[in-house]
Protein chains: 2
Amino acid sequence: MASPVFELDPQLSRATKEVGSLALSRVLFMNDSRYPWLVLVPQRPGIVEWSDLDTEDRHQLLDEAVFAGEVIRRLWDIDKLNTATLGNVVPQLHVHVIGRRQTDPAWPGPVWGHDQPVPYAEEACTSLLSLLQAELSCR
Amino acid sequence: MASPVFELDPQLSRATKEVGSLALSRVLFMNDSRYPWLVLVPQRPGIVEWSDLDTEDRHQLLDEAVFAGEVIRRLWDIDKLNTATLGNVVPQLHVHVIGRRQTDPAWPGPVWGHDQPVPYAEEACTSLLSLLQAELSCR
């Protein structure tokens, strides 16, 4: 039997634009102009909790989340990073890395479930994706 | 000049009961009976973001958060773990590790800011603290 293969959850795919891949993670950009927001999905099949990853992958995923946070901080003027794995709606393990500003609509509360997303204008989204790809040096 | 010393943020202290310490973290138990909820604070001074920790401490903190999640799963019947560092209100880096149930009042949304906490009865809280201390084998 072939070993299971990583496939990105379609709900994550629909809500985001794909930036590229790091050593472990697929990097996604949330199409919500209210918050600079990346989502990192470890490209391993069948992972729901941090404990499903072996120690090496787990540390790698955290390091990539920290790196994603640094990229957000370079591109946007933010006050705080929020880093979280929830997975109540989409079980496939995914790390939210979100730049927060004291002026954003959900501050100081969490961003999830706070009204509807405000998608980027198409041109702005394309520019941001290029910037993110350059900063992340994604393959 | 003396090097700065770790001190637990008083807001974190007020909202929680102290369970004990792991190798790196102070482990706190959120006094909110709606959710099994631990908070881990790395006992290093001046830490706000994951990137403020050196790589070794960062990996250790994640491993301790995974361990805390396993303890929650042993003591409660949960559907999902939520693991998060937000810090929009209390900047001192602290990792929330929360056991979520499809029947809890905030499901599937995030727990933060969802109505008021419901403190445990004193006796229940004392019993849970003892159980947690045994499971975490805290010093």
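Below you will find a few notes about this structure. (Residues numbered from 1 in each chain as written. Chains lettered and ligands numbered in written order. Predicted model: local features only at pLDDT ≥ 70, side-chain atom pairs only at ≥ 80, totals over all residues. Heavy atoms only, no water.)

### Topic: the packing of aromatic side chains
Considering all chains together, one arrives at 7 aromatic pairs over all chains under this definition. Ring geometry for B:Phe29 versus B:Trp76: centroids 6.3 Å apart, planes at 35°, classification tilted. Of the two residues, B:Phe29 sits in strand S2 (residues 25-30) while B:Trp76 sits in the loop between helix H2 (55-75) and strand S4 (80-85), which places them 47 residues apart along the sequence. Grouping aromatic residues by their ring pairs yields a cluster made of A:Phe29, A:Trp76 and A:Tyr120. (Phe/Tyr/Trp six-rings, centres within 6.5 Å; stacked < 30°, edge-to-face > 60°. Helix = DSSP H or I, 4+ residues; strand = E, 2+ residues; numbered from the N terminus.)

### Quick look at helix H2 (residues 55-75) of chain A
Here H2(A) contains 21 residues, and its C-alpha end-to-end distance of 31 Å stays within 8% of the 30 Å for a straight helix at 1.5 Å per residue. Residues of H2(A) that are buried: A:Asp57, A:Arg58, A:His59, A:Leu61, A:Leu62, A:Glu64, A:Ala65, A:Val66, A:Ala68, A:Gly69, A:Val71 and A:Ile72. On the buried face of H2(A), the contacting elements are strand S2 (25-30), strand S3 (37-42), strand S4 (80-85), strand S5 (95-100) and helix H3 (122-136) of chain A together with H2 of chain B. (Expected span 1.5 Å × (residues − 1). Buried < 20%, exposed > 50% of the residue type's maximum accessible area, 1.4 Å probe, protein only. Contact = heavy atoms within 4.5 Å.)

### Here's the deal with the pairing of strand S1 (residues 16-21) of chain A
Two faces make up the sheet, and in a regular strand the side chains alternate between them. Bridge count for S1(A) against S2(A) is 5 bridges, and the pairing is antiparallel. Within the sheet, the bridge partner assigned to A:Thr16 lies in S2(A) and is A:Met30. (Pairing = 2+ DSSP bridges.)

### Quick look at the relation of the copies chain B and chain A
Note on the copies: chain B fits chain A at an RMSD of 0.0 Å, the axial shift is 0.0 Å, and the rotation between them is 180°. These values place the two chain copies in the arrangement generated by a two-fold rotation axis. Taking C-alpha positions as reference, the residue of chain B nearest the rotation axis is B:Ala84, located at 2.0 Å. Of the interface residues in chain B, 100% have counterparts in chain A that sit at the interface too, so the contact is made through matching surfaces. (Least-squares fit on C-alpha atoms with pLDDT ≥ 70 in both.)

### Looking at the packing of H2(B) against helix H3 (residues 122-136) of chain B
Residue and element names in this part refer to chain B. Running from amino to carboxyl end, H2 crosses H3 at an angle of 130°, the nearest separation of the two axes being 10 Å. Classified by the angle their axes make, H2 and H3 are oblique. Taken as a pair, H2 and H3 cross one another with a handedness that is right-handed. Residues Phe67, Val71, Arg74 and Leu75 of H2 form the contact with H3, whose own contacting residues are Leu131, Leu132, Glu135 and Leu136. The class makeup of the residues in the contact of H2 with H3 is 6 nonpolar, no polar and 2 charged. (Axes fitted to C-alpha atoms, helices over the stretch in contact; angles between N-to-C directions. Parallel < 35°, antiparallel > 145°, perpendicular 65-115°, else oblique. Left-handed = near helix turned anticlockwise from the far one by under 90°. Nonpolar A, V, L, I, M, F, W, Y, C, P; charged D, E, K, R; others polar.)

### Side note on unusual backbone geometry
Residue and element names in this part refer to chain A. In this structure, Pro108 follows Trp107 across a cis peptide bond, with omega equal to -5°. Relative to the assigned elements, Pro108 resides in the loop between S5 and H3. The phi dihedral of Asp115 falls on the positive side, at around 55°, and the residue is not glycine. Position of Asp115 among the secondary structure elements: in the loop between S5 and H3. Judged by its relative accessible area of 63%, Asp115 falls in the exposed class.

### A few points about the interface of chain B and chain A
Many descriptions give the size of an interface as the accessible area lost when the pieces come together. The interface is formed by 29 residues belonging to chain B together with 29 residues belonging to chain A. Broken down residue by residue, the surface that chain B buries against chain A is led by B:Glu49, B:Lys80 and B:Asn88, which jointly contribute 24%. When the shortest N-O distance is used, the salt bridge between A:Arg58 and B:Asp63 registers 3.2 Å. On the surface where chain B and chain A come into contact, there are 21 residue pairs in polar contact (both at pLDDT 80 or more). Of all the secondary structure elements, the ones that give two or more residues to the side of chain B that touches chain A are H2 and S4 of chain B. In terms of residue class, the side of chain B that touches chain A is built from 13 nonpolar, 9 polar and 7 charged. (Buried area = accessible area lost by both parts, 1.4 Å probe. Salt bridge = Lys/Arg side-chain N within 4 Å of Asp/Glu carboxyl O. Polar contact = N/O pair within 3.5 Å; in protein donor to acceptor, adjacent residues only side chain to side chain.)

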